[in-house]
Amino acid sequence: MSQLQEKQNKVNQDRSIQESTAIIKSNEKLVGQGLYNIGQELKYIRDNKTYKEAGYSSFKEYVEQELDYTRRQSYRFIKIAEKYSVTRVSQLTSFSMRQLLELAKIEDEKDRQEFIEENDVDDMSSRELKEEVKQEKQRLEQEKKELKKQKEQLEYEKQSKEEQLQQLEQEKEQIKQQLTEVKNQETEVKKVVKKEMPEDKQEQLENLKQTKQNLEEKLDKLESEKQEVGSFKKRKQELKNEM
């Protein structure tokens, strides 16, 4: 629980059932923020059982007799308070309870806000909104499955790339050792030559030069493959952040 929530709860502890009831009734003719306020108060009354202060034995008895709400209606108010932040709901001043409840089926608040921005919710009928929300949920679920699939594939590729990188490191060390040996042999051959190089020594030197060149090219290729592995890891982290 955040410090802000703890502070709010501490303030709420001093509110009587009469004050809560007054707040609820003062918001009944409002939409958007008003629905949220009612939900917050009902949630507070239910969670803290302050209805007992007014002589009621249960939350259901309180809402039915004091507010003339059904239990189902009361929990709809509470759902709005639980699904929306106070900042977000204050921007939805024209939305009815039915619209807010339907939109609340899109669980993630960011996804829900994007849906609201991309669709003219005010002009939709209840049936149209229900259908659009249903399709959006299916799209988001499919997107979630695809991301999960990509994540699993990346995990598999990561393990494969790490094994490949380990093997490349081993090969690199071997090539560096071979290259060192070739350079030493090349130096020794040059030392033997004084004025004129014998044909067999010339051939040996050329072979060593070619071997040296091949090893250096292979070493460059290994470095390039290592960079590709590094690029893969970077892409994996980017996709992980997107999830």
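Residues numbered from 1 in each chain as written. Predicted model: local features only at pLDDT ≥ 70, side-chain atom pairs only at ≥ 80, totals over all residues. Heavy atoms only, no water.

**Things to note about the overall build of the chain**
Each helix and strand in the chain was counted, giving 10 helices and 0 strands. Mapped in sequence order, the helices and strands of the chain form the string α-α-α-α-α-α-α-α-α-α. Put simply, the chain has 243 residues, and 29% of those count as buried. When the accessible area of the chain is evaluated, it comes to approximately 16900 Å², of which 43% is carbon and sulfur surface. (Helix = DSSP H or I, 4+ residues; strand = E, 2+ residues; numbered from the N terminus. Buried < 20%, exposed > 50% of the residue type's maximum accessible area, 1.4 Å probe, protein only. Areas by Shrake-Rupley, 256 points an atom, 1.4 Å probe, with all protein chains shown as cover.)

**As for helix 2 (residues 17-26)**
Residues spaced three or four apart along an α-helix point in a common direction, a consequence of the helix completing one turn every 3.6 residues. Listed as buried for helix 2 are I17, S20, T21 and I24. Each buried residue of helix 2 sits inside an arc of 100° when the element is viewed along its axis, so together they form one side. Within helix 2, the exposed residues directed more than 90 degrees away from the buried face are Q18 and S26. Where the residues of helix 2 are buried, they touch helix 3 (33-48) and helix 4 (59-67). (Arc of directions from axis to C-beta. Contact = heavy atoms within 4.5 Å.)

**Thoughts on the packing of aromatic side chains**
Per the stated rule, a full pass over the model turns up 3 aromatic pairs. With centroids separated by 5.9 Å and ring planes inclined at 80°, the aromatic side chains of F59 and Y75 adopt a geometry described as edge-to-face. Taken together, the residues F59 in helix 4 and Y75 in helix 5 (residues 71-83) connect sequence positions 16 residues apart. Given a relative accessible area of 28%, Y75 falls into the partly exposed group. Measuring from ring centre to ring centre gives 5.4 Å for Y69 and F77, while their planes differ by 35°; the resulting arrangement is tilted. (Phe/Tyr/Trp six-rings, centres within 6.5 Å; stacked < 30°, edge-to-face > 60°.)

**Comments concerning the confidence of the model for the chain**
It should be kept in mind that the predicted coordinates are not to be read in detail where pLDDT is low. Looking at the chain, the pLDDT average stands at 79 and 80% of residues meet or exceed 70. By mean pLDDT, helix 1 (residues 3-12) is the weakest element of the chain at 46, and helix 4 is the strongest at 94. When the criterion is pLDDT under 50, residues 1-11 qualifies, and its contacts beyond four places in sequence or with other chains add up to 2 contacts. (pLDDT = per-residue confidence, 0-100.)

**Focus on helix 8 (residues 109-118)**
Every buried residue belonging to helix 8 is among R112, Q113, F115 and I116, and all of these are buried. Looking straight down helix 8, one finds that the buried residues subtend no more than 155° of arc, so they occupy a single side. In helix 8, the exposed positions that point more than 90 degrees away from the buried face belong to K110, E117 and E118. Two to three positions downstream of the cap, the backbone nitrogen of K110 sits 3.1 Å from a side-chain oxygen, assigning the N-cap of helix 8 to D108. (Polar contact = N/O pair within 3.5 Å; in protein donor to acceptor, adjacent residues only side chain to side chain.)

**Some remarks on the pattern of salt bridges**
Per the stated rule, a full pass over the model turns up 9 salt bridges. Here R139 ties to E136 by a salt bridge, and the two come within 2.8 Å at their closest N and O atoms. You can see R139 and its partner E136 sitting in helix 9 (residues 126-192), 3 residues apart, about one turn around the helix. Look at the salt bridges and you will find they share partners, linking K43, R46, D47 and E82 into a network. (Salt bridge = Lys/Arg side-chain N within 4 Å of Asp/Glu carboxyl O.)

**Quick look at the packing of helix 4 against helix 5**
Where helix 4 meets helix 5, the axes come as close as 9 Å, and the angle between the chain directions of the two elements is 100°. Here helix 4 is positioned roughly perpendicular relative to helix 5, judged by the angle of their axes. In contact with F59, K60 and V63 of helix 4, helix 5 contributes R71, S74, Y75 and I78. (Axes fitted to C-alpha atoms, helices over the stretch in contact; angles between N-to-C directions. Parallel < 35°, antiparallel > 145°, perpendicular 65-115°, else oblique.)

**What to know about the environment of E28**
Tracing the backbone through its elements, the reader meets E28 in the loop between helix 2 and helix 3. Its relative accessible area of 37% is what places E28 among the partly exposed residues. Residues E28 and I38 lie 10 residues apart in sequence; the distance between their C-alpha atoms is 7.5 Å. Once residues within four sequence positions are removed from consideration, E28 is found in contact with I38, L67 and Y69.

**Here's the deal with the nonpolar core**
Membership of the largest hydrophobic core comes to 35 residues, with the highest contact counts inside it found for I24, L42, Y62, Y69, Y84 and L103. Elements that contribute at least two residues to this core include exactly helix 2, helix 3, helix 4, helix 5, helix 7 (97-103), helix 8 and helix 9. If you tally residues by element for this core, the top one is helix 3, at 5 residues. What L42 contacts, discounting residues up to four positions off in sequence, is I24, F59, V63, L67, Y69, S74, F77 and I78. (Core = buried A, V, L, I, M, F, W, Y, C linked by side-chain atoms within 4.5 Å.)

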